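Single-letter residue listing:
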Amino acid sequence: KAGVTQTPRYLIKTRGQQVTLSCSPISGHRSVSWYQQTPGQGLQFLFEYFSETQRNKGNFPGRFSGRQFSNSRSEMNVSTLELGDSALYLCASSPGQGLQPQHFGDGTRLSIL
Amino acid sequence: QKEVEQDPGPLSVPEGAIVSLNCTYSNSAFQYFMWYRQYSRKGPELLMYTYSSGNKEDGRFTAQVDKSSKYISLFIRDSQPSDSATYLCAPYQGGSEKLVFGKGTKLTVNP
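These figures come from a predicted structure and were not determined experimentally.

Asks: Quick one: what's the story with the overall build of chain B, residue by residue and with numbers?
Replies: The number of helices and strands found in chain B is zero helices and ten strands. Listing every helix and strand of chain B by position from the N terminus yields β-β-β-β-β-β-β-β-β-β. Scaling as 2.2 N^0.38, a compact globule of 111 residues should have a C-alpha radius of gyration of about 13 Å, and chain B matches this with 13 Å. Here the C-alpha coordinates of chain B stretch approximately 40 × 30 × 20 Å along the principal axes. Within the span of chain B, comprising 111 residues, buried residues form 43% of the whole.

Below, the structure is given as structure tokens:
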């Protein structure tokens, strides 16, 4: 069974630009969560989608947004990029009902110049 | 107070040592307690999880939860160089897909 796939693996942007990251969950998984990982703050929850609806949202500014498509694939968008947005962005999927372990992709490394 | 506190280390031990990794948490509503392992340049992978207080063993790994003191531990017996990774604790509140992670402890097992 294929794991969670995130594209691209690496991305370099400049301040003020916007970026879109993509996540393909494990087949059959309907929940997709996004996390930001930095050395200073560790792993922080951004948001979670289930059946195209946002169910949970972390404490991030509105520049961070996401969506989920009918095939459960998800995209995350960050607008007006700031230097502090440099991080590893991780996507995790799970079946979405009840306690199910989240399976993570290997992330997109975003660097802001 | 942060929801989850974890000593970031780094922790360096010789092969065969017993390793103890620990977290504390503040939210009494947490019911499940997960441990993830993250190798360099990879995403976290679930190692094991426990429900409520008590111990759970899986091979060389033992997870322990003391809800009265809000303390979580992961023990690794007979540690191997392949155990070198960052270990993240993640308490979980039932009914939510949101995981709250500790910052992770970086472990190096030297041959």
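Here the narrative resumes.
Asks: Before we move on, could you go through the side chain of Gln37 of chain A and cite the residues and values that matter?
Replies: Along the chain, Gln37 of chain A turns up in strand β4 (residues 31-38). Engagement of the side chain of Gln37 of chain A in a polar contact is seen with the side chain of Gln38 of chain B, the distance being 2.9 Å.

Asks: So what about the state of the cysteines? Which residues, and what values?
Replies: Overall, the coordinates contain two disulfides over all chains when judged by the stated rule. One disulfide bridge connects Cys23 of chain A with Cys91 of chain A, the sulfur atoms lying 1.8 Å from each other. Measuring the twist about the S-S bond at about -55°, one finds the Cys23 of chain A-Cys91 of chain A disulfide to be left-handed. Note that Cys23 of chain A is positioned in strand β3 (residues 19-24) and Cys91 of chain A in strand β9 (residues 87-94), a separation of 68 residues in sequence. Here Cys23 of chain B connects covalently by a disulfide to Cys89 of chain B, the sulfurs 1.9 Å from one another. Every disulfide takes its handedness from the sign of the S-S torsion; for Cys23 of chain B and Cys89 of chain B that torsion is -105°, giving left-handed. A residue pair is termed long-range when its members are at least 10 positions apart, and Cys23 of chain B in strand β3 (residues 19-25) and Cys89 of chain B in strand β9 (residues 85-92) qualify at 66 residues. Under the relative-accessibility criterion, Cys89 of chain B is labelled buried at 0%.

Criteria and thresholds
Residues numbered from 1 in each chain as written. Chains lettered and ligands numbered in written order. Predicted model: local features only at pLDDT ≥ 70, side-chain atom pairs only at ≥ 80, totals over all residues. Heavy atoms only, no water. Helix = DSSP H or I, 4+ residues; strand = E, 2+ residues; numbered from the N terminus. Rg over C-alpha atoms; globule rule 2.2 N^0.38 Å. Buried < 20%, exposed > 50% of the residue type's maximum accessible area, 1.4 Å probe, protein only. Polar contact = N/O pair within 3.5 Å; in protein donor to acceptor, adjacent residues only side chain to side chain. Disulfide = S-S within 2.5 Å.

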